[in-house]
Protein chains: 2
Amino acid sequence: MPHLLHIDSSLAPEGSVSRGVAEAYAESWRKHHPDGTLTHRDLATSPPPHLNWALVSGGQTPPEQRTPEQAEAVKIREEYLEEVESADEYVISVPMYNYAYPSTIKAWLDQVIVMGRTAGGTAGDGVLAGRKVTVITAQGGSYAPGAPKEGWDHQVPYLRHAFEALGADNIEFITVVMTLSKVNPALAAFTDVFEASRTAAEQAARDRAAA
Amino acid sequence: MPHLLHIDSSLAPEGSVSRGVAEAYAESWRKHHPDGTLTHRDLATSPPPHLNWALVSGGQTPPEQRTPEQAEAVKIREEYLEEVESADEYVISVPMYNYAYPSTIKAWLDQVIVMGRTAGGTAGDGVLAGRKVTVITAQGGSYAPGAPKEGWDHQVPYLRHAFEALGADNIEFITVVMTLSKVNPALAAFTDVFEASRTAAEQAARDRAAA
């Protein structure tokens, strides 16, 4: 029975572009996997704790010798780990804040990247090896060659490496650009680019979920 | 009266390389600025909250109409903002976890980057314009050209842009490499590189604090 782990991280409870595209994926997936199960985790409403010393030191301490704080930190990480390990397909939506992914995405990755257990450090070696991973990203502007902020995309390049460290070897990024074109007057000329980008992303998401 | 804001983010309460270099900076700074004041903020023991909807929506709501949750989120951000605004020199130490900065650093940046107040979006336009900023980074391996993980440094390039967005135009990065050489057998051959790198970083930090 296929099991999809669906993760959102946009702060916006309504109108989020990245959430919308991930939902298009999930809807298509449900239709094409009537026997499938889906876990939805919302990192905005339930933010993962920052990696801390209690967790790192607790992980190096035998269970019976852990302090209550260490035991609690390890227990929380175990829930994140089991959630990742028990899925066989993933859709993760990620907005861009201040030219990078939200801090909740890094906190989540720091919980689930455990070398030797979930992570081997390279594509093909880790929990995600052989599993379908789709990352939906939304970007307020454009970071394409020639754009004024070329080279300022600190979202997709990192996420690619982080998921590769978890073994991902069947990963696709679907990116919507110019999401701020409707609210930032300096980007108003790019509203059509944004709309076309969103429509194409939703279709790409539906197609990949069906494949 | 000069005022240094000293920020640490390594989880390790003892033996942290990045903390050690930042402390070398602070020590030298105190010696050369006997009339100066110093604020120390530890993002590991006091982690900043993840950016959330209460803060974003609260920031767009007149003070008298904010919910208690919004008011509290805005109040916390205000403390971070005033701490940055009231300093005139900065030393920030940042380790690398899973090929990037800790989530606490991103959470802190998301608190303090406020377009039109602290951030103009480019070097020279923002709260850090004309102020001395020093970022100490520690990296477990090496991401230099030719290294197996060339291109996997998702720490320094982002931090450079994030601080530029805050206006930084007098910024120096001091980086220690191969910090894992003493614990990771695969990197054992690089212990000397690490030690030389740390010694050079401490000296560079002392010199810059004195300048």
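Residues numbered from 1 in each chain as written. Chains lettered and ligands numbered in written order. Predicted model: local features only at pLDDT ≥ 70, side-chain atom pairs only at ≥ 80, totals over all residues. Heavy atoms only, no water.

### Side note on the UniProt feature "domain: Flavodoxin-like fold" (unreviewed entry) in chain A
In the numbering used here, UniProt assigns the feature "domain: Flavodoxin-like fold" (unreviewed entry) to residues 3–188 of chain A. Across residues 3–188 of chain A, helical content stands at 33% and strand content at 20%; the span's end C-alpha atoms are separated by 40 Å. (UniProt positions renumbered as here; feature names shortened; annotations may be inferred. Helix = DSSP H or I, 4+ residues; strand = E, 2+ residues; numbered from the N terminus.)

### Comments concerning the relation of the copies chain A and chain B
Least-squares fitting of chain A to chain B yields an RMSD of 0.0 Å, with the superposition described by an axial translation of 0.0 Å and a rotation of 180 degrees. This pairing of chains is accounted for by a two-fold axis. The rotation axis passes nearest to the C-alpha of A:Ser103 in chain A, at a distance of 2.5 Å. Comparing interface residues between copies, 100% of those in chain A also lie at the interface in chain B; the contact surface is shared. (Least-squares fit on C-alpha atoms with pLDDT ≥ 70 in both. Contact = heavy atoms within 4.5 Å.)

### Description of helix α5 (residues 156–165) of chain B
All names here are of chain B. Where burial is concerned, most of α5 is hidden: seven out of the ten residues are buried. All buried positions along α5 are accounted for by Val156, Tyr158, Leu159, His161, Ala162, Phe163 and Ala165. Within two residues after α5, Gly167 carries a phi angle of roughly 100 degrees, on the positive side. (Buried < 20%, exposed > 50% of the residue type's maximum accessible area, 1.4 Å probe, protein only.)

### Concerning the pattern of salt bridges
Residues and elements named next belong to chain A. In this structure the tally under the stated criterion is 22 salt bridges over all chains. Note that Lys132 is salt-bridged to Glu89, the shortest N-O span being 3.7 Å. Here Lys132 is found in strand β6 (residues 132–138), whereas its partner Glu89 is found in strand β3 (residues 89–94), with 43 residues between them in sequence. Judged by its relative accessible area of 13%, Lys132 falls in the buried class. (Salt bridge = Lys/Arg side-chain N within 4 Å of Asp/Glu carboxyl O.)

### Quick notes on the sheet that holds strand β1 (residues 3–8) of chain B
Residue and element names in this part refer to chain B. A sheet is described by the order of its strands in space; here five strands give the open sequence β2-β1-β3-β6-β7, paired in parallel fashion. What marks the edges here is a single partner per strand, and that holds for β2 (37–42) and β7 (171–176). Ignoring strand direction, the axes of neighbouring strands in this sheet form an average angle of 15 degrees. Across four bridges, the pairing between β1 and strand β3 (residues 89–94) is parallel. Opposite Ile7, over in β3, you have Ile92 as the bridge partner. (Pairing = 2+ DSSP bridges. Axes fitted to C-alpha atoms, helices over the stretch in contact; angles between N-to-C directions.)

### Section: the UniProt feature "binding site: FMN" (unreviewed entry) in chain A
Residues and elements named next belong to chain A. When the UniProt feature table is mapped onto this chain, "binding site: FMN" (unreviewed entry) is found at Ser10, Ser16, Val17 and Ser18. Looking at where Ser10 falls in the secondary structure, it is placed in the loop between β1 (3–8) and α1 (17–32). In this structure Ser10 comes out as buried when scored by relative accessible area, which is 4%. Here Ala12 takes part through its backbone nitrogen, which lies 3.1 Å from a polar atom of the side chain of Ser10. Classification of Val17 as buried rests on a relative accessible area of 12%. The contacts of Val17, once residues within four sequence positions are left out, are Ala138, Val176, Thr179, Phe194 and Arg198. (Polar contact = N/O pair within 3.5 Å; in protein donor to acceptor, adjacent residues only side chain to side chain.)

### A short note on the confidence of the model for chain A
Of the residues in chain A, 100% have a pLDDT of 70 or more, and the chain-wide mean is 97. At the level of chain-chain contacts, confidence expressed as ipTM amounts to 0.97, with global pTM at 0.97. (pLDDT = per-residue confidence, 0-100.)

### Digging into helix α4 (residues 103–112) of chain A
Counted residue by residue, α4(A) has ten buried out of ten residues, so it is predominantly covered. Residues of α4(A) that are buried include every one of A:Ser103, A:Thr104, A:Ile105, A:Lys106, A:Ala107, A:Trp108, A:Leu109, A:Asp110, A:Gln111 and A:Val112, and no others. Buried-residue contacts for α4(A) involve β1, α2 (53–59), α3 (68–85), β3 and α5 (156–165) of chain A together with α4 (103–112) of chain B.

### With respect to the packing of aromatic side chains
Taken as a whole, this structure holds seven aromatic pairs over all chains when the rule is applied. Each ring, one from A:Tyr99 and one from A:Trp152, has its centre 4.8 Å from the other, and the planes form 70 degrees; the classification is edge-to-face. Here A:Tyr99 is found in the loop between β3 and α4, whereas its partner A:Trp152 is found in the loop between β6 and α5, with 53 residues between them in sequence. The exposure class assigned to A:Trp152 is buried, which follows from its relative accessible area of 8%. Pairwise contacts between aromatic rings join A:Tyr101, A:Tyr158, B:Tyr101 and B:Tyr158 into one cluster. Above the face of the A:Trp152 ring, A:Lys149 is positioned so that its terminal group lies 3.6 Å from the ring centre. (Phe/Tyr/Trp six-rings, centres within 6.5 Å; stacked < 30°, edge-to-face > 60°. Lys NZ or Arg CZ within 6 Å of the ring centre and 35° of its normal.)

### Some words on the side chain of A:Asp8
All names here are of chain A. Checked against the element boundaries, Asp8 lands in strand β1. The exposure class of Asp8 is buried, given its relative accessible area of 4%. Apart from the residues lying within four places of it in its own chain, the contact partners of Asp8 are Arg19, Ala22, His40, Arg41, Asp42, Leu43, Ala44 and Ser93.

### A word on the interface of chain A and chain B
Taken together, the contact pairs 34 residues of chain A with 34 residues of chain B. Together, A:Leu11, A:His50 and A:Asn98 form the three largest contributors to the area buried by chain A at its contact with chain B, with a combined 22%. At the junction of chain A and chain B, the tally comes to zero salt bridges. In this assembly, chain A and chain B are joined by 19 residue pairs in polar contact (both at pLDDT 80 or more). At the level of secondary structure, the elements contributing two or more residues to the side of chain A that touches chain B comprise α2, α4, β4 (119–122) and α5 of chain A. It is α4(A) that contributes the most residues to the side of chain A that touches chain B, six residues altogether. The residue makeup of the side of chain A that touches chain B, split by class, is 20 nonpolar, ten polar and four charged. (Buried area = accessible area lost by both parts, 1.4 Å probe. Nonpolar A, V, L, I, M, F, W, Y, C, P; charged D, E, K, R; others polar.)

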